[in-house]
Amino acid sequence: MEELLKRELGCGSVKATGHSGGGCISQGRSYDTDRGRVFVKVNPKAEARRMFEGEMASLTAILKTNTVKVPKPIKVLDAPGGGSVLVMEHVDMRHLSSHAAKLGAQLADLHLENKKRGETLLKEAGTVGRGGGQEERPFVDRFGFDVVTCCGYLPQVNDWQEDWVVFYARQRIQPQMDMVEKESGDREALQLWSALQLKIPDLFRDLQIIPALLHGDLWGGNVAEDSSGPVIFDPASFYGHSEYELAIAGMFGGFSSSFYSAYHGKIPKAPGFEKRLQLYQLFHYLNHWNHFGSGYRGSSLNIMRNLVKSVSELFTRMLLGWQDLGVDVKPSY
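Conventions we followed
- Residues numbered from 1 in each chain as written.
- Predicted model: local features only at pLDDT ≥ 70, side-chain atom pairs only at ≥ 80, totals over all residues.
- Heavy atoms only, no water.
- Axes fitted to C-alpha atoms, helices over the stretch in contact; angles between N-to-C directions.
- Helix = DSSP H or I, 4+ residues; strand = E, 2+ residues; numbered from the N terminus.
- Parallel < 35°, antiparallel > 145°, perpendicular 65-115°, else oblique.
- Left-handed = near helix turned anticlockwise from the far one by under 90°.
- Contact = heavy atoms within 4.5 Å.
- Salt bridge = Lys/Arg side-chain N within 4 Å of Asp/Glu carboxyl O.
- Buried < 20%, exposed > 50% of the residue type's maximum accessible area, 1.4 Å probe, protein only.

Here's the deal with the packing of helix H4 (residues 164-183) against helix H8 (residues 273-292)
So, point 1. Put simply, H4 and H8 touch, their axes get as near as 9 Å, and they point 25° apart. Put simply, H4 runs roughly parallel to H8. For the pair H4 and H8, the crossing hand works out as left-handed. Listed contacts from H8 to Trp-164, Tyr-168, Arg-172, Ile-173, Gln-176, Met-177, Met-179 and Val-180 of H4 are Leu-279, Tyr-280, Leu-282, Phe-283, Leu-286, Asn-287, Trp-289 and Asn-290.

A closer look at the pattern of salt bridges
So, point 1. Scanning the entire structure with this criterion turns up 20 salt bridges.
So, point 2. Two residues, Glu-8 and Lys-75, come together in a salt bridge whose shortest N-O distance is 3.3 Å. Of the two residues, Glu-8 sits in helix H1 (residues 2-9) while Lys-75 sits in strand E4 (residues 73-78), which places them 67 residues apart along the sequence.
So, point 3. Glu-8 sits in the partly exposed class, given a relative accessible area of 29%.

Side note on the environment of Trp-193
So, point 1. Turning to its location among the elements, Trp-193 is positioned in helix H5 (residues 187-199).
So, point 2. Look at Trp-193 and you get buried, because its relative accessible area is 3%.
So, point 3. Taking the C-alpha atoms as reference, Trp-193 lies 8.7 Å from Gln-174; in sequence the two are 19 residues apart.
So, point 4. Those residues in contact with Trp-193, other than ones at most four positions away along the chain, are Ala-169, Ile-173, Gln-174, Met-177, Ile-200 and Met-304.

Now the structure itself:
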């Protein structure tokens, strides 16, 4: 590895530090070079280059927003003996504690950055003397990402879509259900999904969603802090609904009340937030099912059952309310 880094990074000296880390997907180690300390993630899978190129693009996109700190990506390389490596800046991180509220505020800033950029561009368009290429980063008005990103080692479909509900149903849940069908042919899961996908639009009534750049896999293991403040890493980014970000954050813990208070102080909860949070958690439970096995089947099916039932009850109450007002309603299912 030392010789590879010397050659590819143009370093005169490279030496392993003894600092290592990693998770269930990739392993990492720090190296001291004459150009500074770097952290190198290694994965032996044949698909690792695609995964690391998506992570590099994600880190680069977040870095450009100047909102929340991420390690600066450097290069994706072919690993000796197969697989790939991702070289990035070494950040001396520790467990997130004193900077939890700051992370909540900065995460909200990340999610609002594209919206604010759009507002600025609109304002400048009506100002004499502005324009002419002064804004290098355009407003993103669709949902998706320029490259494939991986949540875990499974690729995400990031094709650009105008409609968020279409994007989420077709490009997040459906590919996961396709994998479930291929691996187990789970009949109950497929039946529940058939029922749920018809009701998803009801969870988004009267809701305007402006694309937000997301980390995409923000659980407690992917956040930390250093001496300057919070740090997030291992992203699987795309432009989506800001609420999506909080789904996996709430599944495995690691985020204090101060984090949520600071976040919602800038992005308040919209009506229906809790139900949509369940919908977004469904992706992560299905993704864990497809990564780690049927231990996550029960949670996946429970969410679908609960959402099918609750959305049906909500729609029934709406119909009754309209009828009480004398509106002639003929529902179509």
